[in-house]
Amino acid sequence: HPLPMRVLPDTLRSILQLIDSEPSTDLSNARLSRLAGLSTSSFIIWFESHLHQPPATYVRDVRYQKASRMLIFSEASIEQIAAELGYPNRHYFSRIFAARAGCGPATFRKNRQWQVKK
């Protein structure tokens, strides 16, 4: 996110920490807004005012970054990665990942691990 953590309100910092530390949990706008003590629409506006992106986009980006690192640096299966990041199944994860990466997770892993070994 664009701002140093110390500039963010405490409530938002704890929500960002939750997103980062528990990506497999329910990170819906409804749940996050309850944690912030705001209505869903107010939460989305509040979140965007600080991070310049909607909460769902932020959650998706965090999960993508974690998935990318796991695909490159771990031996976890694609099913395990999908579950660890809160996706209901491998197929849904693969579709979402491919939309962002331009290739499926297996191809991404193969190409990136080869580059890391060079």
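Here, every reference points to the structure presented above.
Please read all numbers here as calculations on a predicted model, not as lab measurements.

Colleague: Tell me about the side chain of R63, residues and numbers included.
Modeller: Within the secondary structure, R63 sits in helix α4 (residues 55-73). Here R63 occupies a buried position and makes no salt bridge, while the nearest side chain of opposite charge, D26, is found at 6.9 Å. Reaching out from R63, the side chain makes a polar contact with the backbone oxygen of P23 at a distance of 2.7 Å. Looking at R63, its side chain comes within polar contact range of the main-chain oxygen of T25, at 3.2 Å. Not counting residues within four places of it along the chain, the set of residues in contact with R63 comprises P23, T25, L27, L85, G86 and Y87.

Colleague: Quick rundown of the pattern of salt bridges? Include the residues and the values.
Modeller: Summed over the entire model, instances satisfying the criterion amount to 4 salt bridges. Note that D61 is salt-bridged to R100, the shortest N-O span being 2.8 Å. One end of the pair, D61, is in helix α4; the other, R100, is in helix α6 (residues 90-101), with 39 residues separating them in the sequence. The shortest N-O distance in the salt bridge between E79 and R90 comes to 3.0 Å. Taken as a pair, E79 in helix α5 (residues 78-84) and R90 in helix α6 lie far apart in primary sequence, 11 residues in all. Since its relative accessible area comes to 30%, R90 is described here as partly exposed.

Colleague: Go over the packing of helix α1 (residues 10-21) against helix α2 (residues 29-36) with me, naming the residues and quoting the values.
Modeller: Where α1 contacts α2, the two axes come as close as 10 Å, and the packing angle between them is 140°. Looking at the two axes, α1 sits oblique to α2. By crossing handedness, the relation of α1 to α2 is classed as right-handed. Counted together, T11, I15, L18 and I19 of α1 and R31, L32, L35 and A36 of α2 form the full contact between these two elements. Classifying every residue of the contact of α1 with α2 gives 6 nonpolar, 1 polar and 1 charged.

Colleague: Tell me about the layout of surface pockets, residues and numbers included.
Modeller: Space inside the largest pocket adds up to approximately 150 Å³. Residue lining of the largest pocket: A56, V59, R60, R63, G86, Y87, P88, Y92 and I96, and that is the complete set. Only α4 and α6 provide two or more residues apiece to the lining of the largest pocket. If you tally residues by element for the lining of the largest pocket, the top one is α4, at 4 residues. When the residues that make up the lining of the largest pocket are grouped by side-chain class, the tally is 6 nonpolar, 1 polar and 2 charged.

Colleague: Tell me about α6, residues and numbers included.
Modeller: In this model, α6 (12 residues) spans 16 Å end to end at C-alpha, consistent with the 16 Å of a helix rising 1.5 Å per residue. Listed as buried for α6 are F93, S94 and F97. All buried residues of α6 project into a common sector of 100° when viewed along the axis, lining one side. Of the exposed residues in α6, those oriented more than 90 degrees away from the buried face are H91, R95 and A99.

Conventions we followed
- Residues numbered from 1 in each chain as written.
- Predicted model: local features only at pLDDT ≥ 70, side-chain atom pairs only at ≥ 80, totals over all residues.
- Heavy atoms only, no water.
- Helix = DSSP H or I, 4+ residues; strand = E, 2+ residues; numbered from the N terminus.
- Buried < 20%, exposed > 50% of the residue type's maximum accessible area, 1.4 Å probe, protein only.
- Lys, Arg positive; Asp, Glu negative; His and termini not counted.
- Salt bridge = Lys/Arg side-chain N within 4 Å of Asp/Glu carboxyl O.
- Polar contact = N/O pair within 3.5 Å; in protein donor to acceptor, adjacent residues only side chain to side chain.
- Contact = heavy atoms within 4.5 Å.
- Axes fitted to C-alpha atoms, helices over the stretch in contact; angles between N-to-C directions.
- Parallel < 35°, antiparallel > 145°, perpendicular 65-115°, else oblique.
- Left-handed = near helix turned anticlockwise from the far one by under 90°.
- Nonpolar A, V, L, I, M, F, W, Y, C, P; charged D, E, K, R; others polar.
- 1 Å grid on protein atoms, 1.4 Å probe; cavity = no way out; pocket = protein on both sides within 12 Å on 5 of 7 lines; lining within 4 Å.
- Points joined across faces, edges and corners; volume = space filled by probe spheres on them.
- Expected span 1.5 Å × (residues − 1).
- Arc of directions from axis to C-beta.

Read these as geometric descriptors, not functional statements.
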